[in-house]
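Architecture and fold: a report
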Amino acid sequence: MKVFIQREGGHLPNYMPKGTIDTDDLSPEEAKTIVDALKPETLKPETFTGKGVRAANNHRTVADGYAYHVRIQQNNAVQEFDVQENALPPDVQDALHLLIQKVSQ
């Protein structure tokens, strides 16, 4: 699975880390964290119970916290989501933090 991620918002709004991570290049534990948390069926707006997922390209600024643009490519299918960190379950937040850490290295 390949995941493109871009973060915006927070205390340094001009700092917008972004990049693409291939889960095949991660340790098995890291890959499992990301694959388990970022299942496209979990992030679809119609199945998400919170208010933190929007269709891609429907950006808006986040006063507190971060907003992420996530593009997941798996098995020749691509899905994109815009998500607000503070409305996501902890496992999804952990996966997004891990991805940002990897693209910021």
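No experiment lies behind these values; they were computed from the predicted model shown.

**Some points on the environment of Thr33**
As for its placement among the helices and strands, Thr33 is situated in helix α1 (residues 28-37). The exposure class assigned to Thr33 is partly exposed, which follows from its relative accessible area of 34%. For the pair Thr33 and Ala95, spaced 62 residues apart in sequence, the C-alpha to C-alpha distance is 6.0 Å.

**A closer look at the pairing of strand β5 (residues 77-84)**
By the bridge criterion, 8 bridges tie strand β4 (residues 66-74) to β5 in an arrangement that is antiparallel. Within β5, the position partnered with Ile72 by the bridge is Gln79. Between β4 and β5, which pair antiparallel and follow one another directly, the connecting turn spans 2 residues, one of which, Asn75, has a positive phi of 55°.

**Digging into the pattern of salt bridges**
This structure, assessed with the given rule, holds 2 salt bridges. Between Lys102 and Glu30 there is a salt bridge, with its nearest N and O atoms 3.0 Å apart. Separated by 72 residues along the polypeptide, Lys102 in helix α3 (residues 90-103) and Glu30 in helix α1 bring together distant segments of the chain. Lys102 sits in the partly exposed class, given a relative accessible area of 21%. One salt bridge connects Asp36 with Lys32, and the closest N-O pair in it is separated by 2.5 Å. Here Asp36 pairs with Lys32, and both are found in helix α1, just 4 residues apart, close to one helical turn. Residue Asp36 is classed as partly exposed on the basis of its relative accessible area, which comes to 35%.

**Section: unusual backbone geometry**
Backbone geometry follows two general trends: most residues other than glycine have a negative phi, and most peptide bonds adopt the trans configuration. In this model, Asn75 sits at a positive phi of 55°, which is unusual for a non-glycine residue. Within the fold, Asn75 resides in the loop between β4 and β5. Its identity as a non-glycine residue notwithstanding, Asn76 has a phi of 65°, on the positive side. When you line up the elements, Asn76 lands in the loop between β4 and β5. The exposure class assigned to Asn76 is exposed, which follows from its relative accessible area of 80%.

What counts and how
Each chain has its residues counted from 1, following the order in which its sequence is written. Two thresholds apply to this predicted model, a pLDDT of at least 70 for residue-level local features and 80 or more for giving and counting side-chain atom pairs, whereas whole-chain, interface and lining totals are computed over all residues. Remark: hydrogens and water are excluded; side-chain values derive from all non-hydrogen atoms of the structure. A helix here means a DSSP run of H or I that spans at least four residues, while a strand means a run of E at least two residues long, and both kinds are numbered starting from the N terminus. Burial classes: relative accessible area under 20% of the type maximum marks a residue as buried, over 50% as exposed, and values in between as partly exposed (1.4 Å probe, protein chains only). We call two strands paired when DSSP finds no fewer than two bridges between them. The term salt bridge refers to a pairing of a side-chain nitrogen on Lys or Arg with a carboxyl oxygen on Asp or Glu at a separation within 4 Å.

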